[in-house]
Structures are given as C-alpha cells and as structure tokens.
Amino acid sequence: MAGTPIGDTADAPPRLAAELAGADVVAAEDTRRLRRLTQALGVTPKGRVVSYFEGNEAARTPELVEELVGGARVLLVTDAGMPSVSDPGYRLVAAAVEKDIRVTAVPGPSAVLTALALSGLPVDRFCFEGFLPRKAGERLTRLREVAGERRTLVYFEAPHRLDDTLAAMAEVFGAGRRAAVCRELTKTYEEVKRGPLEELAAWAAEGVRGEITVVVEGAPAKGPEELDGPELVRRVRVREEAGERRKEAIAAVAAEAGLPKREVFDAVVAAKNAAS
C-alpha cells in the first residue's frame, strides 16, 4: 500500500511514482482521482488499474489476493493519506497476511498526524476515533464512551455535520474543552481554528467547507478531592449508558478517580435515594 497526498501533490512520497509505474495491479479508491494524481506526477501505470472502494471492497478482495498468490505486485492507494485509516484497505491487508503474503507500505502524508502537529494540543499520547455515527443518539453514545479519556482525541468529520458534532462534543466533554478544527490541510485554503468547543460549535454553525479533521483535548486529570458525589455519579451513568454494568462502571470510575469502590458505590446509592 502507498500513502498519497492529502492536498498538495508536491507532498507525494518519492517512491510513489516508481510504485505506480511498476505495479502489476493498482487498486484505487477512485480511479478518476488516481488518473489526476498520475498526471500530476508524470507517471503512466503499466499495470491494470481497478477500483477498490467501500462498495466493492469485500467482493474485490479475493480477486486481489488471487493476484498476489500468483506473484503479482499489487499496489493499493486511496484518495488521500494512508490506506486503511478510515479508508479501504484493512480487508485486503488482513486477507494477504492470512495467506502469508508479504505486505509493506510506502509511507506518506497523514491527516491525523498533520492535524495533531498543528493543533497546539498535547501530542505525547493520542487516540484516533475516525468518523462519529451520523445519528444524533448514536453519536452522543460514542462520545460518552470516551468522556473520561485523558489522551488527545482525533476525529474525521464531514463539513455539513461539523456544527452538530462540535455541539455534541461541547455537551458531553464540556463547553470549555479545548479543540482545533483543521480544514483543507496542505491545500490552498488551509485553516486551523482553535478554541473552546462551545466557540467552535458557534463558528461552525455559519457553515464550513472542505476536508475536516477535529482534534480535541483529553479529559483533565482530577485528584480525588476534586471529584464530588455528583461528578462520580455522572461518570458512572455515562458508562452505564454506553453499555457497562453498574458494578463494572463503579469499579472503573473508582480506578479512574483513585478512590475506593465503596465510596463511588455510596455516592450512586445516595443519588438514587435522593431521586426517589
């Protein structure tokens, strides 16, 4: 597989042109975009070019594996960045590995790492969450699952859903949680908008265009003295809504807060009694 530019074609890895020219089969997410890339690089693939996208990935994978078994050199490219990262590719790699076929990569640009580097947020530990669900309820559930995550979070998002996503993040993570919206990375109109989630949601409501990567600050570290009963109960509830059993949720929150499980349990019971 090979990484392709996320915007500026001058960022193409030096090996990309040679691999495109020499591969027996080039599997591309969009053959039209591949054609534009090869023209920009001054390359003419000698091998067969086939489409390999979400709609035909499952069906085409066996065909490509058969080519590999037969000794063909198959090159996988997606529209931008590294294959398999929220793009087609995982199925083919997994199937090739299962057949003990050597898989290697031509490293290239990554929107995830580029956005992290530009965000101004901590990058020593991070996790990539891909695209959030489109439905509001499912999106909130997914966000609640990582509400206590201390690592910096990275998401991809469609421009027409950005305002709703940022508003949901502000609701779950807190209005003041810092974030950065990275738009059109490496392209002519590149923009990085930084600020609290609430402010970014208001900005996005006016309309945003282009390819979007969102970087969100991880949950702040809190000592036991900073976590009162209501906050402990809230964290347990978030985990329960995400599907954990109460006993497991209490144990996890206690470990997260550095408190005895009994203290968290008592807070939950007290909240239940107060509500009844």
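As for the layout of surface pockets
Quantified by volume, the largest pocket comes out at close to 1,300 Å³. Along the walls of the largest pocket sit 45 residues, with Glu-29, Asp-79, Ala-80, Asp-87 and Glu-211 positioned nearest its centre. Counting only elements with at least two residues in the lining of the largest pocket, the list comes to α2 (31-41), α5 (111-119), β5 (152-157) and β8 (212-216). Looking at the lining of the largest pocket element by element, the count peaks at four residues for α2. Looking at the lining of the largest pocket, its residues break down into 21 nonpolar, nine polar and 15 charged. Empty space within the second largest pocket amounts to approximately 370 Å³. Met-1, Val-74, Arg-102, Val-103 and Thr-104 are, among the 18 residues lining the second largest pocket, the residues nearest its centre. Secondary structure elements with two or more residues in the lining of the second largest pocket: α1 (14-22), β3 (74-77) and α4 (90-98). Here the residues of the lining of the second largest pocket sort into 12 nonpolar, two polar and four charged.

Description of the packing of aromatic side chains
Taken as a whole and judged by the stated rule, the model has two aromatic pairs. A ring pair is formed by Phe-128 and Phe-156, whose centres lie 5.0 Å apart and whose planes are at 65°; its orientation type is edge-to-face. Of this pair, Phe-128 sits in strand β4 (residues 126-131) while Phe-156 sits in strand β5, and the two are 28 residues apart along the sequence.

A word on the packing of helix α3 (residues 57-69) against α4
Between α3 and α4, the shortest axis-to-axis distance is 9 Å and the interhelical angle comes to 40°. Overall, the two elements α3 and α4 adopt an arrangement that is oblique. Seen from above, α3 lies across α4 with right-handed handedness. Between α3 and α4, the residues in contact are Glu-57, Ala-58, Thr-61, Leu-64, Val-65 and Leu-68 and Tyr-90, Arg-91, Leu-92, Ala-95 and Ala-96, respectively.

Remarks on the environment of Leu-92
Residue position: Leu-92 is located in helix α4. Among the residues examined, Leu-92 registers a relative accessible area of 7% and is labelled buried. Between the C-alpha atom of Leu-92 and that of Pro-62, which follows or precedes it by 30 residues, the distance is 8.1 Å. Those residues in contact with Leu-92 that sit more than four places away from it in its chain are Tyr-52, Thr-61, Leu-64, Val-65, Leu-68 and Leu-76.

Here we look at the side chain of Thr-61
Mapped onto the fold, Thr-61 is located in helix α3. Polar side-chain contacts of Thr-61 include one of 2.7 Å to the side chain of Tyr-52. The residues touching Thr-61, leaving out its near neighbours within four places in the chain, are Tyr-52, Arg-91, Leu-92 and Ala-95.

Here's the deal with the pattern of salt bridges
Taken as a whole and assessed by the stated rule, the structure comprises 20 salt bridges. With a shortest N-O distance of 3.0 Å, Arg-183 and Glu-191 are connected by a salt bridge. A salt bridge links Arg-262 to Asp-266, with the shortest nitrogen-to-oxygen separation between them at 3.2 Å. On the criterion of helical spacing, the pair formed by Arg-262 and Asp-266 is a turn pair, its members being four residues apart in helix α11 (residues 261-275). On the basis of relative accessibility, which here comes to 57%, the residue Arg-262 falls in the exposed class. Connected through shared salt-bridge partners, Arg-48, Arg-60, Glu-63 and Glu-67 make up one network.

Regarding the nonpolar core
Tyr-155, Leu-162, Leu-166, Met-169, Phe-173 and Val-216 are the most contacted members of the largest nonpolar core, which totals 27 residues. When residues of this core are traced back to their parent elements, those giving at least two are α6 (136-145), β5, α7 (162-173), β6 (178-183), α8 (197-204) and β8. Here this core takes seven residues from α7, the largest share from any one element. Residues in contact with Phe-173, not counting those within four places in the same chain, are Leu-143, Val-146, Ala-147, Leu-153, Tyr-155, Leu-197 and Val-216. Ranked by size, the runner-up nonpolar core spans 15 residues in total, among them Val-25, Leu-68, Met-82 and Ala-96.

Some thoughts on the side chain of Arg-183
Mapped onto the secondary structure, Arg-183 falls in strand β6. With relative accessibility at 16%, the residue Arg-183 sits in the buried group. Here Arg-209 takes part through its backbone oxygen, which lies 3.2 Å from a polar atom of the side chain of Arg-183. Ignoring sequence-local partners within four residues, the contact set of Arg-183 consists of Tyr-189, Glu-190, Glu-191, Val-208, Arg-209, Glu-211 and Ile-212.

Cut-offs and rules
Residues numbered from 1 in each chain as written. Predicted model: local features only at pLDDT ≥ 70, side-chain atom pairs only at ≥ 80, totals over all residues. Heavy atoms only, no water. 1 Å grid on protein atoms, 1.4 Å probe; cavity = no way out; pocket = protein on both sides within 12 Å on 5 of 7 lines; lining within 4 Å. Points joined across faces, edges and corners; volume = space filled by probe spheres on them. Helix = DSSP H or I, 4+ residues; strand = E, 2+ residues; numbered from the N terminus. Nonpolar A, V, L, I, M, F, W, Y, C, P; charged D, E, K, R; others polar. Phe/Tyr/Trp six-rings, centres within 6.5 Å; stacked < 30°, edge-to-face > 60°. Axes fitted to C-alpha atoms, helices over the stretch in contact; angles between N-to-C directions. Parallel < 35°, antiparallel > 145°, perpendicular 65-115°, else oblique. Left-handed = near helix turned anticlockwise from the far one by under 90°. Contact = heavy atoms within 4.5 Å. Buried < 20%, exposed > 50% of the residue type's maximum accessible area, 1.4 Å probe, protein only. Polar contact = N/O pair within 3.5 Å; in protein donor to acceptor, adjacent residues only side chain to side chain. Salt bridge = Lys/Arg side-chain N within 4 Å of Asp/Glu carboxyl O. Core = buried A, V, L, I, M, F, W, Y, C linked by side-chain atoms within 4.5 Å.

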